[in-house]
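This is what each chain is made of:
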Amino acid sequence: MTKKTTEPPVRPNGIAGFIHHLLDKLYPHLDSLFLLRPVLFMPVWTVTVAGLSVGYWLVEPDFFWRVAWSWQVILVIIGVSLITGSAFIRAQLQEGGETEIKGHASVIAVAGATPDHARRLMWMYLGVGLALLLPGGWLTVLMGVALYAIWGILYGSNPVTWKGKPPVEGMIHLLAGAALFYLGLAASGADLAGSLNLAMPYFFGIASVAALIAITPGPRYPDDRPRPGIATTIPTIIVSAIMALVATIWGYQNGDPAISTAAVLALPFHAVALYYRREIDIVRTCRYSILLFVIFVGARYPLLYIPVIIDFYLSRYYYRRRFGFVYPTFHLEHE
């Protein structure tokens, strides 16, 4: 089991040294932030921005990319982050739930945050998050409520529903992804009529990743706990690859390079995972699929890269400092 890292790292000079010094100053305040599981924000933001970009495309047929700031979009992104965080606080509060089953690190277990305090924060974050969605319109708020119901109640509070059932778990994540996509689409102000055809390849892409998430262990998954067997992993990888292929073809037919390119580039990783059938290849396929999605959705909305990069490196710093392992990574974590 990983022990908390207490020894300060050797600080380099120059810009890197300044960044390390800044992070050391922030560190005492990061436990409250990481109660929200901000690693999840990277795919959450990306799916939301994908919906936002498709909405812009519906309004502007010649849309290629958008770099303009919008306070409404910023509020929506913060709001959906808080709703996601509140849902996974609920998951962390569930004894024997998602945190234990998947092997994720929980701040509640190490930072002295009491369950009652975490529960109060959960409701506060949910309320503030939904309020921040109001500028996006009633459908945006409705999708926010649906997101919390799917991830916070169905997934976070009822692990018996999906434990050991990759198809069920994958479907839950797909529903959450669909809510995020339409949340972004609604926030764009576009008319939703005719949007389903453009949304479907994204849903297949989300389904491809969701299937892999269901069989991908977290960074603290015990070495002595059984992993999914070949009878589970092979069909799951095949289904994931088929979903990625459908996303590629459908996206290409729609003239949407973001989802079609991201999905087709993920297929070789599926082939490697299917050939070798190793856990490390499943992990890489899942995480590189997400990375490709971030890259190509960000090509349409480049401002996405800024919070994703900050979140990625801040998370690596925090988990290394607090729990003693590097996360997120594109390989299996070693404790």
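Small disclaimer: the values here were computed from a predicted structure and weren't measured.

Rules and cut-offs
- Residues numbered from 1 in each chain as written.
- Predicted model: local features only at pLDDT ≥ 70, side-chain atom pairs only at ≥ 80, totals over all residues.
- Heavy atoms only, no water.
- Helix = DSSP H or I, 4+ residues; strand = E, 2+ residues; numbered from the N terminus.
- Rg over C-alpha atoms; globule rule 2.2 N^0.38 Å.
- Buried < 20%, exposed > 50% of the residue type's maximum accessible area, 1.4 Å probe, protein only.
- Areas by Shrake-Rupley, 256 points an atom, 1.4 Å probe, with all protein chains shown as cover.
- Lys, Arg positive; Asp, Glu negative; His and termini not counted.
- Charge placed at Lys NZ, Arg CZ, Asp CG, Glu CD.
- Core = buried A, V, L, I, M, F, W, Y, C linked by side-chain atoms within 4.5 Å.
- Contact = heavy atoms within 4.5 Å.
- Expected span 1.5 Å × (residues − 1).
- Axes fitted to C-alpha atoms, helices over the stretch in contact; angles between N-to-C directions.
- Parallel < 35°, antiparallel > 145°, perpendicular 65-115°, else oblique.
- Left-handed = near helix turned anticlockwise from the far one by under 90°.
- Polar contact = N/O pair within 3.5 Å; in protein donor to acceptor, adjacent residues only side chain to side chain.
- Phe/Tyr/Trp six-rings, centres within 6.5 Å; stacked < 30°, edge-to-face > 60°.
- Lys NZ or Arg CZ within 6 Å of the ring centre and 35° of its normal.
- Patch = residues over 30% accessible without salt bridge, like charges linked within 9 Å, V, L, I, M, F, W, Y side chains within 5 Å.
- Salt bridge = Lys/Arg side-chain N within 4 Å of Asp/Glu carboxyl O.

### A short note on the overall build of the protein
Okay, so step 1: Looking only at helices and strands, the protein has 13 helices and zero strands in total.
Okay, so step 2: Its helices and strands taken in sequence order, the protein reads α-α-α-α-α-α-α-α-α-α-α-α-α from the N to the C terminus.
Okay, so step 3: The C-alpha atoms of the protein give a radius of gyration of 19 Å, which matches the 20 Å a tight globule of 335 residues would have.
Okay, so step 4: Each of the three principal axes of the protein carries a C-alpha extent, and together these read 55 × 45 × 45 Å.
Okay, so step 5: Buried positions account for 54% of the 335 residues belonging to the protein.
Okay, so step 6: For the protein, the accessible area works out to roughly 15600 Å², and carbon and sulfur atoms hold 68% of it.
Okay, so step 7: The protein carries 24 positive and 19 negative side-chain charges, and their two centres are separated by 5 Å.

### A look at the nonpolar core
Okay, so step 1: With 87 residues, the main nonpolar core has Trp-151, Phe-181, Tyr-202, Phe-203, Tyr-318 and Tyr-319 as its most contacted residues.
Okay, so step 2: In terms of residue count, the dominant contributor to this core is helix 8 (residues 166-187) (12 residues).
Okay, so step 3: With residues up to four places along the chain from it excluded, the contact list for Tyr-202 reads Ala-50, Val-54, Phe-181, Asp-256, Ala-258, Ile-259, Phe-293 and Arg-300.

### Overview of the environment of Met-124
Okay, so step 1: Tracing the backbone through its elements, the reader meets Met-124 in helix 6 (residues 115-133).
Okay, so step 2: For the pair Met-124 and Ser-86, spaced 38 residues apart in the sequence, the C-alpha separation amounts to 8.3 Å.

### Comments concerning helix 8
Okay, so step 1: Helix length check: helix 8, at 22 residues, gives a terminal C-alpha distance of 31 Å against a target of 32 Å (1.5 Å per residue), a fit within 8%.
Okay, so step 2: Among the 22 residues in helix 8, 18 count as buried, and that is most of the element.
Okay, so step 3: Gly-189 sits one or two positions beyond helix 8 and adopts a positive phi of about 85 degrees.

### Brief notes about helix 9 (residues 196-213)
Okay, so step 1: Helix length check: helix 9 (18 residues) gives 24 Å between terminal C-alpha atoms against 26 Å at 1.5 Å per residue, within 8%.
Okay, so step 2: Most of helix 9 is tucked away, with 15 of its 18 residues classed as buried.

### Observations concerning the packing of helix 4 (residues 71-93) against helix 8
Okay, so step 1: Here helix 4 crosses helix 8 at 160 degrees, and the two axes come no closer than 11 Å. Comparing the axis directions of helix 4 and helix 8 gives the class roughly antiparallel. By crossing handedness, the relation of helix 4 to helix 8 is classed as right-handed. In this structure, helix 4 contributes Gln-72, Val-76 and Val-80 to the contact, and helix 8 contributes Leu-180, Leu-183 and Ala-187.

### Brief notes about the side chain of Ser-157
Okay, so step 1: Along the polypeptide, Ser-157 turns up in the loop between helix 7 (138-155) and helix 8.
Okay, so step 2: Its relative accessible area of 18% is what places Ser-157 among the buried residues.
Okay, so step 3: Within the structure, Ser-157 has its side chain in polar contact with the side chain of Arg-90 (distance 2.5 Å).
Okay, so step 4: At 3.1 Å, the side chain of Ser-157 forms a polar contact with the backbone oxygen of Gly-152.
Okay, so step 5: For Ser-157, the residues in contact, after removing those within four places along its chain, are Arg-90, Gln-94 and Gly-152.

### Quick word on the packing of aromatic side chains
Okay, so step 1: Tallied over the full model, the rule gives 24 aromatic pairs.
Okay, so step 2: An angle of 15 degrees between the planes, with centres 6.3 Å apart, marks the rings of Tyr-56 and Tyr-301 as stacked. One end of the pair, Tyr-56, is in helix 3 (residues 41-59); the other, Tyr-301, is in the loop between helix 12 (279-300) and helix 13 (305-322), and 245 residues separate them in sequence.
Okay, so step 3: On the basis of an interplanar angle of 5 degrees and a centroid distance of 5.0 Å, the ring pair of Phe-269 and Tyr-288 is categorised as stacked. Of this pair, Phe-269 sits in helix 11 (residues 257-276) while Tyr-288 sits in helix 12; the two residues are 19 residues apart in sequence, bridging distant segments of the chain.
Okay, so step 4: Among the aromatic residues, those joined into a ring-pair cluster are Phe-34, Tyr-318, Tyr-319, Phe-323, Phe-325 and Tyr-327.
Okay, so step 5: We note Arg-278 situated over the ring of Tyr-276; from NZ or CZ to the ring centre the distance is 4.7 Å.
Okay, so step 6: Positioned above the aromatic ring of Trp-57, the side-chain terminus of Arg-300 is 4.7 Å from the ring centre.

### So, a nonpolar patch on the surface
Okay, so step 1: On the surface, a cluster of nonpolar side chains totalling about 290 Å² of accessible area is made up of Phe-18, Leu-22 and Leu-26.
Okay, so step 2: By secondary structure assignment, the location of Phe-18 is in helix 1 (residues 14-26).

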